[in-house]
Amino acid sequence: MPETPPHTQKRIDDLFDRLNDLSWHQIGYPTNQCFDYSPLYPLLQHSANNVGDPFHDSLYRVNTHAFEREVITTFANLMRHSPDETWGYVTSGGTEGNMYGLYIAREMFPEAVVYFSQDTHYSVRKNLRVLNYRNIMIRSLDNGEVDYDDLRETIRINRHLPVVVMANIGTTMKGAVDNLDKIRDIFDELAISSSYIHADAALSGMILPFVDDPQPYGFDAGIDSIAISGHKMIGSPLPSGVVLTKSDYVGRVARSIEYVGAMDTTLSGSRNAITPLMLWYAFEQHGLEGFRGIVHETLDVAQYAVDKFNENGIPAWRNKNSITVVFPRPADTVVNKWQMAPYENFAHIITVPNVTRDKIDAAVADCVANPRTTT
Ligand SMILES: *Cc1c(COP(=O)(O)O)cnc(C)c1O
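Residues numbered from 1 in each chain as written. Predicted model: local features only at pLDDT ≥ 70, side-chain atom pairs only at ≥ 80, totals over all residues. Heavy atoms only, no water.

1. So, the overall build of the protein
Within the protein, the secondary structure is distributed over eleven helices and twelve strands. For the protein, the C-alpha radius of gyration of 22 Å lies close to 21 Å, the compact-globule estimate for 375 residues. Every one of the 375 residues in the protein was classed for burial, and the buried ones make up 53%. For the protein, contacts bridging at least 24 residues in sequence account for 70% of all contacts bridging at least 6. (Helix = DSSP H or I, 4+ residues; strand = E, 2+ residues; numbered from the N terminus. Rg over C-alpha atoms; globule rule 2.2 N^0.38 Å. Buried < 20%, exposed > 50% of the residue type's maximum accessible area, 1.4 Å probe, protein only. Contact = heavy atoms within 4.5 Å.)

2. What about the site of the ligand?
Taken together, the neighbourhood of the ligand is formed by G93, G94, T95, N98, H121, G170, T172, D200, A202, S229, H231 and K232. The contact in question runs from a nitrogen atom of the ligand to an N or O atom on the side chain of D200, over 2.6 Å. Of all elements in the fold, only α3 (94-108) and α7 (231-235) reach the threshold of two or more residues within the shell around the ligand. The leading source of residues in the shell around the ligand is α3, at three residues. (Near = heavy atom within 4 Å. Polar contact = N/O pair within 3.5 Å; in protein donor to acceptor, adjacent residues only side chain to side chain.)

3. A short note on the pairing of strand β6 (residues 225-229)
With five of its five residues buried, β6 lies for the most part within the structure. What you see with β6 is no split at all: S225, A227 and S229 on one side and I226 and I228 on the other are buried throughout. As paired strands, strand β5 (residues 195-200) and β6 are joined by three bridges and run parallel to one another. Within the sheet, the bridge partner assigned to D200 lies in β6 and is A227. In the sheet, β6 pairs with strand β7 (residues 241-246) via five bridges, with the strands oriented antiparallel. Bridge pairing links I228 to V242 in β7. (Pairing = 2+ DSSP bridges.)

4. A closer look at the sheet that holds strand β12 (residues 346-350)
Across the sheet, three strands lie side by side as β10-β12-β11; this open sheet has antiparallel pairing. Because the sheet does not close on itself, it has two edges, and the strands there are β10 (324-328) and β11 (341-343). Going across the sheet, the axis of each strand differs from the next one's by a mean of 30°, ignoring polarity. Note: β11 against β12, three bridges, orientation antiparallel. The partner of P342 across the bridge, within β12, is A347. Along the sheet, helix α9 (residues 274-311) makes contact with β10 and β12, crossing β10 at roughly 15°. (Axes fitted to C-alpha atoms, helices over the stretch in contact; angles between N-to-C directions.)

5. Considering the nonpolar core
Of all hydrophobic cores here, the largest spans 81 residues; its most connected members are F75, M206, F327 and M340. Here the element with the most residues in this core is α9; it accounts for 16 residues. Formed jointly, this core draws a minimum of three residues from each of two domains, domain 1 (6-38 + 288-369) and domain 2 (45-284). Counting residues in each nonpolar core, the second largest holds 24 residues, with Y89, Y100, V114 and Y249 among its members. (Core = buried A, V, L, I, M, F, W, Y, C linked by side-chain atoms within 4.5 Å. Domains from an automatic or database assignment.)

6. A word on the domain arrangement of the protein
Annotation of the protein at the domain level lists domain 1 (6-38 + 288-369) and domain 2 (45-284). Look at where the C-alpha atoms of domain 1 and domain 2 centre, and you get two points 26 Å apart. Taken together, the 28 residues of domain 1 in the interface contact 31 residues of domain 2. Between domain 1 and domain 2, a total of about 2600 Å² is buried, with carbon and sulfur atoms accounting for 66% of that surface. At the junction of domain 1 and domain 2, the tally comes to one salt bridge. Measuring nitrogen to oxygen at the nearest pair gives 2.9 Å for the salt bridge that ties D213 to K320. On the surface where domain 1 and domain 2 come into contact, there are 13 residue pairs in polar contact (both at pLDDT 80 or more). Elements represented by at least two residues in the side of domain 1 that touches domain 2 include exactly α9, β10, β11 and β12. Top contributing element to the side of domain 1 that touches domain 2 by residue count: α9, with seven residues. Here the side of domain 1 that touches domain 2 is composed, by residue class, of 16 nonpolar, nine polar and three charged. (Buried area = accessible area lost by both parts, 1.4 Å probe. Salt bridge = Lys/Arg side-chain N within 4 Å of Asp/Glu carboxyl O. Nonpolar A, V, L, I, M, F, W, Y, C, P; charged D, E, K, R; others polar.)

Listed below in structure tokens is the structure:
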């Protein structure tokens with residue numbers, strides 16, 4: 001292979017420095033930057049590809065399907081479902097996982113109406129448009145949970161049709177968890193005979209399994225599929241996620257493809273073989289107990305941030321079991337400096353492990369000194 005030309009090396013070095021600085025100041029997005037996957041680097045010399053169903057043979061054998069299956073088993077246990085009855089794969093991220101859940105739902109109930117709250121991630125509306133799936137947006141409560149009264153009354157009007165609910169297990173902006181028990185009570189009350197719940201657990205899917213008093217979130221709470229991000233709480237230089245559903249459901253979308261000798265159950269064709277390894281490695285490295293410790297620390301830091309804001313006269317708050325700290329939007333200079341995610345009148349920071357108490361002190365001081373001036 002030709003050597004790297006000096007000017008090309010300089011571009012790479014400059015980019016590296018720039019990303020170092022930007023990453024250090026990023027506290028508004030839920031991407032854990034504390035990771036080390038260097039033992040996996042030698043594997044980047046292979047054109048590995050996880051095309052096809054990880055639970056089926058493929059003619060393209062330079063893959064990491066065996067490791068991908070271990071990741072799915074780990075998540076099945078975390079999501080309180082028997083691994084034998086769970087199917088899933090490592091996706092490109094939360095959006096693909098949500099798309100997959102809705103795809104299964106549409107194959108099962110093409111005539112259904114999908115209900116999702118105002119606080120639902122923007123990807124869901126796009127997914128619904130791609131799938132051409134009938135849907136209705138439901139109001140949210142102030143804390144970001146779905147408005148259960150609005151949900152009940154809206155379903156009531158359409159109760160002759162199957163119901164699909166996109167439940168948020170940790171909303172993007174406020175970390176709110178929709179109450180799955182209340183949602184299922186609504187189905188019972190209205191005697192809904194066909195229903196499907198997809199859970200969007202991008203961030204909180206890696207929080208709730210590790211806390212002492214979690215809100216209902218798993219298959220034991222009646223969900224049919226769930227999407228969780230890999231690059232958020234776990235952390236990874238390459239975006240990824242997992243989607244899980246029940247094994248029985250997958251036959252509805254499976255097609256056998258002769259060319260790759262694989263079962264075409266996934267949305268994407270060629271798939272990343274490295275991201276499943278990274279997720280596998282993270283669980284090997286930390287263990288579940290390690291993640292429990294990490295999650296508890298992030299929750300402590302979130303509470304530290306709420307207290308720090310409040311001591312300085314800024315009314316910050318967070319939802320139960322959430323590391324998303326919500327506060328009044330500061331000046332744009334502060335939002336940009338710390339890459340805080342703004343939305344209308346508020347902003348948030350998310351205390352993933354790289355968001356230390358020191359950074360919070362500095363960010364709070366900036367917020368105090370630079371309130372937003374509405375002109
Ligand atoms: C981040 C996020 C997603 C989307 O994840 P991507 O990996 O960016 O596709 C979906 N839902 C929620 C609630 C999220 O926070």
